[in-house]
Amino acid sequence: MNIVCIAWGSLLWKPGALRLASGWHPGGPRLPLEFVRKSDDSPEVALVLCEGARLMPTYWAYLATQDLDMARAMLSAREKITPERPDWIGSLPSADGARSDERIAAWLREQRIDAAVWTALPPKSAGSEGRVPTAQETVAMLDSLHGAERAEAEKYVRRTPAHIDTRYRRLIAASLGWTPLRAAHVTTRS
């Protein structure tokens, strides 16, 4: 079974425990993405799936496993997702409460790829899972940061590939000057 990971944020430049069997390729399924998740373990506001957001391009890479459970475990480890939240790892075929997505299913059929995993963390703000902050709230969260935390949050936004051009990203750039890095790129195998 050939299995890919679909990605759009920090997995592209920091795959960590995710063992890749290829580099990242453009041309993944277009998905609704936005900077709407205040991370628990870092100062960044993460780019996550957000129904109602504009469809954005994604990337994909083959994983160094042919076992879907292993692929899910690698992505869970990388994203620090506990076993109590299997729904925060999407997969096709769907397994253990994983989220499915017809857009990804159609893309897999078109590409003739057997399976995929992706991060399915929900939006989060003001400490509430599922709460979508407004664009102004996201800018205010980021603008309230100082020193190393601000630098880390800025790096996340600026390293995200430039063509993932969301509405919130435009407001972040206009308000904070955090424009995409020319060197924003994706990784090869780790």
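Above this text sits the structure in question.
Analysis parameters
- Residue numbering note: each chain is counted from 1, following its sequence as written.
- Two thresholds apply to this predicted model, a pLDDT of at least 70 for residue-level local features and 80 or more for giving and counting side-chain atom pairs, whereas whole-chain, interface and lining totals are computed over all residues.
- Side-chain calculation: all heavy atoms of the structure are included, whereas hydrogens and water are not.
- Here a helix means four or more residues in a row that DSSP labels H or I, a strand means two or more in a row labelled E, and each is numbered from the N terminus.
- Exposure categories follow from relative accessible area, calculated using a 1.4 Å probe and restricted to protein chains: below 20% of the type maximum is buried, above 50% is exposed, and the middle band is partly exposed.
- Think of a polar contact as two N or O atoms within 3.5 Å of one another; within protein, one of them needs to be a possible hydrogen donor and the other a possible acceptor, and neighboring residues in sequence only count if both atoms come from side chains.
- With axes taken as lines fitted to C-alpha atoms, and helix axes fitted only over the stretch in contact, angles between N-to-C directions fall between 0 and 180 degrees.
- Oblique is the label for any angle not covered by the other classes, which are roughly parallel (under 35 degrees), roughly antiparallel (over 145) and roughly perpendicular (65 to 115).
- Should the near helix be turned anticlockwise from the far one by less than a right angle, the crossing is termed left-handed; should it be turned clockwise, right-handed.
- Contacts are assigned to residue pairs that have any heavy atoms within 4.5 Å of one another.
- Under the convention adopted here, Pro, Cys and the residues Ala, Val, Leu, Ile, Met, Phe, Trp and Tyr are nonpolar, Asp, Glu, Lys and Arg are charged, and Gly plus all remaining residues are polar.

Position of S39 among the secondary structure elements: in the loop between β3 (31-38) and β4 (45-49). With a relative accessible area of 14%, S39 lands in the buried category. Along the sequence, S39 and K124 sit 85 residues apart, while their C-alpha atoms lie 7.9 Å from each other. Of note is the side chain of S39, whose polar atom sits 2.8 Å from the side chain of D41.

Across the interface, helix α3 (residues 135-143) lies against helix α5 (residues 167-176) with an axial gap of 9 Å and an inter-helix angle of 45°. The angle between α3 and α5 places the two elements in the oblique class. For α3 against α5, the interelement crossing comes out right-handed. Where α3 abuts α5, its residues A135, Q136, T138, V139, L142 and D143 lie against R167, Y168, L171, I172, S175 and L176. Here the contact of α3 with α5 is built from residues that sort into seven nonpolar, three polar and two charged.

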